[in-house]
Amino acid sequence: MQYQNITLSIPKELLKKIKHIAIEKQISISALLTKTLEEIVHKEDSYEKAKKHHLSILETGFELDTCGKINWQREDLHER
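Please read all numbers here as calculations on a predicted model, not as lab measurements.

Thresholds, definitions, all that
- Residues numbered from 1 in each chain as written.
- Predicted model: local features only at pLDDT ≥ 70, side-chain atom pairs only at ≥ 80, totals over all residues.
- Heavy atoms only, no water.
- Helix = DSSP H or I, 4+ residues; strand = E, 2+ residues; numbered from the N terminus.
- Rg over C-alpha atoms; globule rule 2.2 N^0.38 Å.
- Buried < 20%, exposed > 50% of the residue type's maximum accessible area, 1.4 Å probe, protein only.
- Lys, Arg positive; Asp, Glu negative; His and termini not counted.
- Charge placed at Lys NZ, Arg CZ, Asp CG, Glu CD.
- pLDDT = per-residue confidence, 0-100.
- Expected span 1.5 Å × (residues − 1).

The number of helices and strands found in the protein chain is 3 helices and 0 strands. For the protein chain, the N- to C-terminal ordering of α and β elements is α-α-α. In terms of overall dimensions, the protein chain is more spread out than a globule: its C-alpha atoms have a radius of gyration of 26 Å, far above the 12 Å expected for 80 residues. Seen through its principal axes, the protein chain has C-alpha atoms that stretch 65 × 40 × 25 Å. Counting only residues that meet the buried cut, the protein chain has 4% of its 80 residues in that class. When the 13 positive and 13 negative side-chain charges of the protein chain are each reduced to one mean point, those points stand 12 Å apart.

Set out below in structure tokens:
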């Protein structure tokens, strides 16, 4: 895996908190940010995959044994 250095500007208070989190987890800030960004990308990829899968199911449609005809009336569904 190749790595690319980046420059990141963040507020000092946020950096302070990030340093504390990294120390608690016994990893570098770079490793912490990399792990966090990987999780974001994984979640996004999983969401997109699930979205495509469910959209394909909707496009295929569902067989409801109606043969494409409505055999009920609104009143049948909402009896009073």
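Take the confidence of the model for the protein chain next. When the pLDDT values of the protein chain are averaged, the result is 90; 98% of them are 70 or greater. The secondary-structure element of the protein chain with the lowest mean pLDDT is helix α3 (residues 74-77), recorded at 80, while helix α1 (residues 12-25) shows the highest, at 97.

An α-helical turn contains 3.6 residues, so any two residues separated by three or four positions project in the same direction. Between its first and last C-alpha atoms α1 spans 20 Å; for 14 residues at 1.5 Å apiece the expected length is 20 Å, and the two agree. Directly after α1, the chain includes Q26, whose backbone phi takes a positive value near 55°.

Turning our attention to the environment of L64. Here L64 shows up in the loop between α2 (29-60) and α3. Residue L64 is classed as exposed on the basis of its relative accessible area, which comes to 64%.

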